[in-house]
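# Coordinate analysis (summary)
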Amino acid sequence: MQWNRIYASILSAATLPITKGFNCSRMTGFPIKASPTVVHPSQTQPSCLYSTSESTATKTASATSGIRGVIFDIDGTLADSWNLGFQATLTVLTDYHNANSGDSKHTPETYPLTSEDYHFGCRYTTPERLARHVGLEPDHPTFKRVGDELGKQFDDYYVKLVDQKTAGFYNGIGNLLVRLHCGEVVGEGGGSGVQLGALTNACVEYAHAVLKANCPEYASDSTTESDKAIYNRFTSIHGANSVPRPKPFGDGIRQCCLEMNLQPSQVLYVGDAPTDAQAAVDAECRAAIGVLWGSNDEDCLKKEKGFGTLCSTVDELENAIGKYL
């Protein structure tokens, strides 16, 4: 693949037509009625990540006390990484087209995928998104095989391109993470640090790469740089390939909660897509907060009952989280 070309394209994002926070009702590249994910036979039964369900008494107590954890989506929520994913997608799809089509050849610059198509597809897992991008529907016999092959090619490619320039945090996000962990975000119940978690529908390797590249240091007694990194204070980090079922299922949130030693009713989930709200509802989180600086706009996200609050700025997000502390 053309590593230098793709990296240069990512860094010159300002010259590209960027469509962020688009209205999903305007999309033509994907049918709105499409199922939110593909459920394979092995996924038809809900996973059991807890040996016993949360009791009514525990739920009531959790709902009346401050939250103890916040789990974040990554792309479009923590990291402004859309152009990294878009350019890598164009490269992978171009290679697939040129290898499998007798039509005229494409370059990443001429491949017919719009930024709106890409943004809408981000609600799916990477394999499903890419299979849909090449025109396959979930009931097609090669849908899963092609999606898995393209997904592996994409993951192997774009994870290596992650740095602060290609997948940097939105302004203020790093400071918010530090303040949340250190108890500097004060809510009605006072200020106390919360555990941090991350869950993405991208691969888990990508999640680690983005957090490692971006997470700032915070004051501590540690003498080593690695111990100071807020990245190491994320109790749980997961991706679509490390949980039983990806979003919109709640399995990933429940897996994070298990590793955080918390119940879902003790955590908030923060994301930028309909599938984030749906996963939070499925997992029975205390609440879900939607952010409007990612891949979907207010008209799209306000339709999701799982999002109790929508935030346009990081300051608004901090205030929204503070209400649950």
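None of the values given here were measured: they were computed from a predicted structure. In every chain, residue numbers begin from 1 and rise along the written sequence. pLDDT decides what is reported in this predicted model: residues at 70 or higher carry local features, side-chain atom pairs at 80 or more are listed and counted, and totals for whole chains, interfaces and linings draw on all residues regardless. For the side-chain quantities, the full set of heavy atoms in the structure was used; hydrogens and water were omitted.

## Re the pairing of strand β6 (residues 267-271)
Under the convention used in this document: We call a residue buried when its accessible area falls under 20% of the maximum for its residue type, exposed when it is over 50%, and partly exposed in between, using a 1.4 Å probe and counting protein chains only. Labels follow the DSSP assignment, with helices taken as runs of H or I lasting at least four residues and strands as runs of E lasting at least two, numbered in each case from the N terminus. Here the rule is simple: two strands pair whenever DSSP picks up at least two bridges between them. With the strands aimed away from the viewer, a crossover counts as right-handed if its path from the first strand over the helix to the second runs clockwise.
Taken across its 5 residues, β6 has 5 buried, putting it largely inside the fold. Here β6 shows two buried faces, one formed by Val-267, Tyr-269 and Gly-271 and the other by Leu-268 and Val-270. Where strand β1 (residues 69-72) and β6 come together, 4 bridges link them in parallel fashion. In the sheet register, Phe-72 faces β6, and the bridge partner there is Val-270. Where β6 and strand β7 (residues 287-291) come together, 4 bridges link them in parallel fashion. The partner of Tyr-269 across the bridge, within β7, is Ala-288. The handedness of the β6 to β7 crossover, carried by helix α11 (residues 274-283), is right-handed.

## Points about the pattern of salt bridges
Where we set the bar: For this document, the term salt bridge refers to a Lys or Arg side-chain nitrogen within 4 Å of an Asp or Glu carboxyl oxygen.
For the coordinates displayed, the defined rule picks out 12 salt bridges. When the shortest N-O distance is used, the salt bridge between Asp-73 and Lys-247 registers 3.1 Å. Taken together, the positions of Asp-73 in the loop between β1 and α3 (82-100) and Lys-247 in the loop between β5 (234-238) and α10 (251-260) put the pair 174 residues apart, joining distant regions of the chain. Classification of Asp-73 by relative accessible area gives buried; the value is 5%. Where Asp-282 meets Arg-254, a salt bridge forms, and the shortest distance between an N and an O atom there is 3.6 Å. Taken together, the residues span a long stretch of sequence, with Asp-282 in helix α11 and Arg-254 in helix α10 at a distance of 28 residues.

## Quick notes on the sheet that holds β6
Quick note on the threshold: Interaxial angle, 0 to 180 degrees, is taken between N-to-C directions of lines fitted to C-alpha atoms, where a helix line uses only the stretch in contact. We call two residues in contact when some of their heavy atoms are within 4.5 Å.
Spatial ordering of the open sheet is given by β5-β4-β1-β6-β7-β8, a layout of 6 strands whose pairing is parallel. Only two strands of the sheet have a single neighbouring strand rather than two, namely β5 and β8 (307-311). Across this sheet, the average inter-strand angle for adjacent strands is 20 degrees, counted without regard to direction. As paired strands, strand β4 (residues 195-199) and β5 are joined by 4 bridges and run parallel to one another. Bridging from a neighbouring strand, Ala-198 pairs with Ile-237 of β5. Its contacts with the sheet put α11 on β6, β7 and β8, and the angle it makes with β6 is roughly 165 degrees.

## Considerations on α3
Put simply, the rule is: Given the number of residues in a helix, its expected span is that number minus one, multiplied by 1.5 Å.
Its 19 residues place the ends of α3 27 Å apart at the C-alpha level, agreeing with the 27 Å of an ideal helix rising 1.5 Å per residue. With 14 of 19 residues buried, α3 lies mostly within the body of the structure.

## A short note on the packing of aromatic side chains
The condition is simple: Under the pairing criterion, centres of Phe, Tyr and Trp rings, with the six-membered ring standing for Trp, must be within 6.5 Å; the plane angle then separates stacked pairs below 30 degrees from edge-to-face pairs above 60, leaving the rest tilted. Only Lys NZ and Arg CZ are tested; either one counts as a charge over a ring when it is within 6 Å of the ring centre and within 35 degrees of the ring normal.
Tallied over the full model, the rule gives 7 aromatic pairs. Through successive ring pairs, a cluster of aromatic residues spans Trp-82, Phe-86 and Tyr-118. Seen from the ring of Phe-120, Arg-123 lies directly overhead, with NZ or CZ sitting 3.9 Å from the centre. A cation over a ring is seen here: Arg-129 above Phe-154, with NZ or CZ 5.0 Å from the ring centre.

## A word on the side chain of Asp-272
Rules: By the counting scheme adopted, Arg and Lys are positive, Glu and Asp are negative, and His together with the chain ends is not counted. Polar contact criterion, stated in full: a pair of N or O atoms within 3.5 Å, where within protein one must be able to donate a hydrogen and the other to accept it, and residues adjacent in sequence count only if both atoms are side-chain atoms.
For Asp-272, the position within the fold is in the loop between β6 and α11. For the buried Asp-272, no salt bridge exists, and the shortest N-O distance to an oppositely charged side chain is 6.6 Å, to Lys-247. A distance of 2.9 Å separates a polar atom in the side chain of Asp-272 from the backbone nitrogen of Ser-295. Apart from the residues lying within four places of it in its own chain, the contact partners of Asp-272 are Asp-73, Asp-75, Gly-76, Thr-77, Val-291, Gly-294, Ser-295, Asn-296 and Leu-301.

## Overview of the nonpolar core
Here is the rule we go by: Residue types Ala, Val, Leu, Ile, Met, Phe, Trp, Tyr and Cys, when buried and joined through side-chain atoms within 4.5 Å, form a set referred to as a nonpolar core.
One finds Phe-72, Phe-169, Leu-177, Tyr-206, Leu-211, Leu-317 and Ile-321 to be the most contacted residues of the largest nonpolar core, which totals 63 residues. Per element, the largest residue contribution to this core is 7 residues, and it comes from α3. Excluding residues that lie within four positions of it along the chain, Leu-317 makes contacts with Phe-72, Leu-176, Val-270, Ile-289, Val-291, Trp-293 and Cys-311. Counting 19 residues, the second-largest nonpolar core is a separate cluster that includes Cys-256, Ala-277, Ala-279 and Leu-301.

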